[in-house]
Amino acid sequence: MIRNVLEMLEHSAARVPDKTALKDEHEALTYREYEEAAKRVGTYLLKNVTKDSYNKPVAVVIDRNVWSVVAFMGVVYSGNFYVPIDNTMPAERVKLIYDTLEPVAVID
């Protein structure tokens, strides 16, 4: 039984590694590529940003492409939670979110 999104991704990457998982108007990623890229993001966050702390907010500035979704899953791999920041939001709204949550990192 799959219990969370990470298990779902890993299960899919093992079962159908070469099937397209994410696609936007410019590129596509297979399940294998998606999993590998997300793990790289998660590993980077663990080694360089959050170290031994977990369950911290990480802001992800979304550009509505496959890499935004990869960033979301990478944050989850690191044991933290993502906060999507739409790049079209007014600056005041973004500042309020940053001031309230005090994210440990911003992925853009």
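Preceding this section is the structure that the text describes.
What counts and what doesn't
- Residues numbered from 1 in each chain as written.
- Predicted model: local features only at pLDDT ≥ 70, side-chain atom pairs only at ≥ 80, totals over all residues.
- Heavy atoms only, no water.
- Pairing = 2+ DSSP bridges.
- Helix = DSSP H or I, 4+ residues; strand = E, 2+ residues; numbered from the N terminus.
- Buried < 20%, exposed > 50% of the residue type's maximum accessible area, 1.4 Å probe, protein only.
- Axes fitted to C-alpha atoms, helices over the stretch in contact; angles between N-to-C directions.
- Parallel < 35°, antiparallel > 145°, perpendicular 65-115°, else oblique.
- Left-handed = near helix turned anticlockwise from the far one by under 90°.
- Contact = heavy atoms within 4.5 Å.
- Nonpolar A, V, L, I, M, F, W, Y, C, P; charged D, E, K, R; others polar.

## Some words on the pairing of strand 1 (residues 20–23)
Okay, so step 1: Two elements, strand 1 and strand 2 (residues 28–30), share three bridges in a ladder whose sense is antiparallel. For K23, the partnering residue across the bridge sits in strand 2 and is A28.
Okay, so step 2: Between strand 1 and strand 2, which follow one another and run antiparallel, lie four residues.

## Quick look at the environment of A38
Okay, so step 1: As for its placement among the helices and strands, A38 is situated in helix 2 (residues 31–50).
Okay, so step 2: The class of A38 is buried, set by a relative accessible area of 0%.
Okay, so step 3: Residues A38 and V76, spaced 38 residues apart in sequence, show a C-alpha to C-alpha distance of 8.8 Å.

## Regarding the packing of helix 2 against helix 3 (residues 66–77)
Okay, so step 1: As a packed pair, helix 2 and helix 3 sit with axes 7 Å apart at the nearest point and diverge in direction by 50 degrees. Taken as axis vectors, helix 2 and helix 3 run oblique relative to one another. Where helix 2 crosses over helix 3, the two elements pack in a sense that is right-handed. Residues Y34, E35, A37, A38, K39, V41, G42, L45 and L46 of helix 2 form the contact with helix 3, whose own contacting residues are W67, V69, V70, A71, M73, G74, V75 and Y77.
Okay, so step 2: Partitioned by chemical class, the residues of the contact of helix 2 with helix 3 number 13 nonpolar, two polar and two charged.

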